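Listed below are the residues making up each chain.
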Amino acid sequence: MIKIGLLGLGTVGTGVYSILERHSENLKSKIGTGLQIEKILVRDIEKQRDIDIDGTLLTEKVEDVLENPEIDLVVELIGGEEPAYQYILQALKNGKSVVTANKLLIAKYGPELMKMAAEKGVSIYFEASVAGGIPIIRPLRESFAANKIERIFGILNGTTNYILTRMTKEGQELDIALKEAQRLGYAESDPSSDISGADAAYKIAILSSIAYETVIDIEDVHIEGIENIEIEDIEIARELGYVIKLLAISKFTSKGVDIRVHPAFIPVNHPLASVHDAYNAIYLHGDSVGDVMLYGQGAGRFPTASAVVADIIQAGKEIYHGSPDINGNIYKNNHGIMDISQVENSFYLRLQVKDKPGVLAKIAEVLGRNQVSLASVIQKHRQNPVVPIVLVTHQVKEEYLQKSIAEFKNIEEIVAVKNIIRVEEL
Ligand code: NAP
Ligand code: HSE
């Protein structure tokens with residue numbers, strides 16, 4: 001019998017508990033022995049829960065899990081940095097294998113945690129940390145192992161994809177769509193992590209580490225969120241043949257890993273444009289396999305619990321049959337991260353300008369002097385005395401675009417730069 005200590009019984013923890021109960025016989029036959037939940041750590045033992053549970057399993061004392069010699073496997077589903085980090089570290093130090101859905105911890109402390117696991121001869125699994133129910137960690141480590149992975153594009157945050165879908169399809173305001181995403185259990189306990197792009201950045205950092213066997217310093221990843229996206233941007237994107245997605249991008253280049261998270265215009269006929277609601281997708285290119293897309297539910301109780309339980313089965317087999325994790329160190333190299341100023345993109349710019357003769361010429365002069373060439377200029381309906389102007393550039397280095405934006409301050413007729421969004425042709 002494999003004895004499990006669960007840390008957390010929220011959205012995902014409850015799903016894991018239910019699956020372990022519902023499929024206990026099936027799981028036993030897959031592993032060769034049964035799984036038993038020995039203790040569950042929660043913050044508040046008196047809280048009303050939406051599942052029937054034997055109250056004696058619950059505890060508010062972490063020692064009941066971490067110092068319990070009966071427990072072989074610790075499943076961390078608390079989330080956030082602390083105390084989850086200390087709990088996982090202690091579990092590993094105490095010779096317990098760990099399963100976690102915590103992308104922040106793996107992105108920030110992956111090398112240390114894996115080193116500790118290796119020293120203690122135990123394993124740490126984190127399939128649910130990226131893209132909820134979609135299997136991607138094990139496929140990257142095993143199924144695509146014959147490939148040199150060259151690039152990864154991902155819609156990796158269910159909450160923001162849900163919000164952008166509601167804004168696009170129904171014209172809903174961001175705040176209202178966020179409340180619904182929270183109600184459905186997609187959002188982090190601090191949803192600013194979703195909205196700001198940080199959650200997707202942790203996930204693309206994890207995928208990049210595995211794909212290129214490199215350390216990725218999360219502090220160096222360029223991150224922008226969806227805070228500034230307005231319905232007007234979505235409508236203009238549609239007119240131009242694009243949709244707006246929060247895109248996680250990772251490309252292996254000779255100048256380092258081009259890794260970033262930001263909203264992007266993507267062509268409406270690209271497969272990623274059809275990923276709606278809390279669904280996620282990973283579109284990657286390997287030198288042998290070519291293009292592959294993996295698609296599924298990126299957040300929510302049971303999709304995420306599905307990935308956690310898959311890891312529990314894997315860890316359970318190892319514990320029962322005594323075979324170690326043979327996948328080895330994924331942090332072998334340090335390829336570095338490409339500076340965003342050197343990345344080339346085309347850009348959508350939405351400006352508010354005073355409706356005066358010569359203003360377009362002044363804007364074009366600044367852009368031209370900074371090597372930014374225009375693919376199109378659209379002047380939207382007149383709202384005197386201020387009119388919206390949309391510019392789409394050809395491919396240009398980010399530093400030249402930013403220099404132009406800085407110089408726009410000298411053009412008195414520019415009232416506001418309302419938005420700047422990269423256009424990814426994928
Ligand atoms: P959640 O609903 O907020 O649940 C957190 C659980 O942890 C609750 O049971 C809470 O106890 C317990 N907890 C929180 N702080 C604690 C502390 N200091 N000491 C002891 N217990 C504590 O979170 P979740 O949505 O299940 O997410 C869990 C993890 O899965 C996170 O790492 C998240 O990023 C990841 N994840 C979530 C999803 C998703 O769709 N939700 C998808 C993929 C990955 P109480 O019940 O007593 O409050
Ligand atoms: N808050 C995360 C999301 C949960 O919305 O994608 C899944 O990691």
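Look up: the structure comes first, before these words.
Residues numbered from 1 in each chain as written. Chains lettered and ligands numbered in written order. Predicted model: local features only at pLDDT ≥ 70, side-chain atom pairs only at ≥ 80, totals over all residues. Heavy atoms only, no water.

### Concerning the sheet that holds strand S2 (residues 35-41)
Step number 1: Reading across the sheet, the six strands line up as S3-S2-S1-S4-S5-S6 and stay open at both edges, with parallel pairing between neighbours. Where the open sheet ends on each side, the last strands, each with one partner, are strand S3 (58-59) and strand S6 (124-125).
Step number 2: Strand direction decides the pairing type here: strand S1 (residues 2-7) and S2, joined by six bridges, are parallel. Bridging across to S2, Lys 3 finds its partner in Gln 36.
Step number 3: The sheet strands contacting helix H1 (residues 11-22) are S1 and S2, and the helix crosses S2 at an angle near 155°. (Pairing = 2+ DSSP bridges. Helix = DSSP H or I, 4+ residues; strand = E, 2+ residues; numbered from the N terminus. Contact = heavy atoms within 4.5 Å. Axes fitted to C-alpha atoms, helices over the stretch in contact; angles between N-to-C directions.)

### Notes on the site of ligand 1
Step number 1: Around ligand 1 there are 24 residues in total, and Leu 9, Arg 49, Lys 103, Glu 188 and Gly 300 lie nearest to it.
Step number 2: Contact distances for ligand 1 include 2.9 Å between an oxygen atom and a backbone N or O atom of Val 12.
Step number 3: Between Lys 47 and ligand 1, the recorded distance is 2.8 Å, taken from a side-chain N or O atom to an oxygen atom.
Step number 4: In the complex, the protein chains occlude 87% of the 900 Å² of accessible area that ligand 1 would expose alone.
Step number 5: Taken together, the residues of the shell around ligand 1 sort by class into 10 nonpolar, eight polar and six charged. (Near = heavy atom within 4 Å. Polar contact = N/O pair within 3.5 Å; in protein donor to acceptor, adjacent residues only side chain to side chain. Areas by Shrake-Rupley, 256 points an atom, 1.4 Å probe, with all protein chains shown as cover. Nonpolar A, V, L, I, M, F, W, Y, C, P; charged D, E, K, R; others polar.)

### Details of the site of ligand 2
Step number 1: Taken together, 13 residues lie near ligand 2, and Lys 103, Gly 158, Thr 159, Tyr 186 and Glu 188 sit nearest.
Step number 2: Note that an oxygen atom of ligand 2 is positioned 2.7 Å from one of the backbone N or O atoms of Gly 158.
Step number 3: In this structure, a nitrogen atom belonging to ligand 2 sits 2.7 Å away from a side-chain N or O atom of Asp 194.
Step number 4: Summarising the interface, the protein chains cover 93% of the accessible area of ligand 2, which totals 260 Å² for the free molecule.

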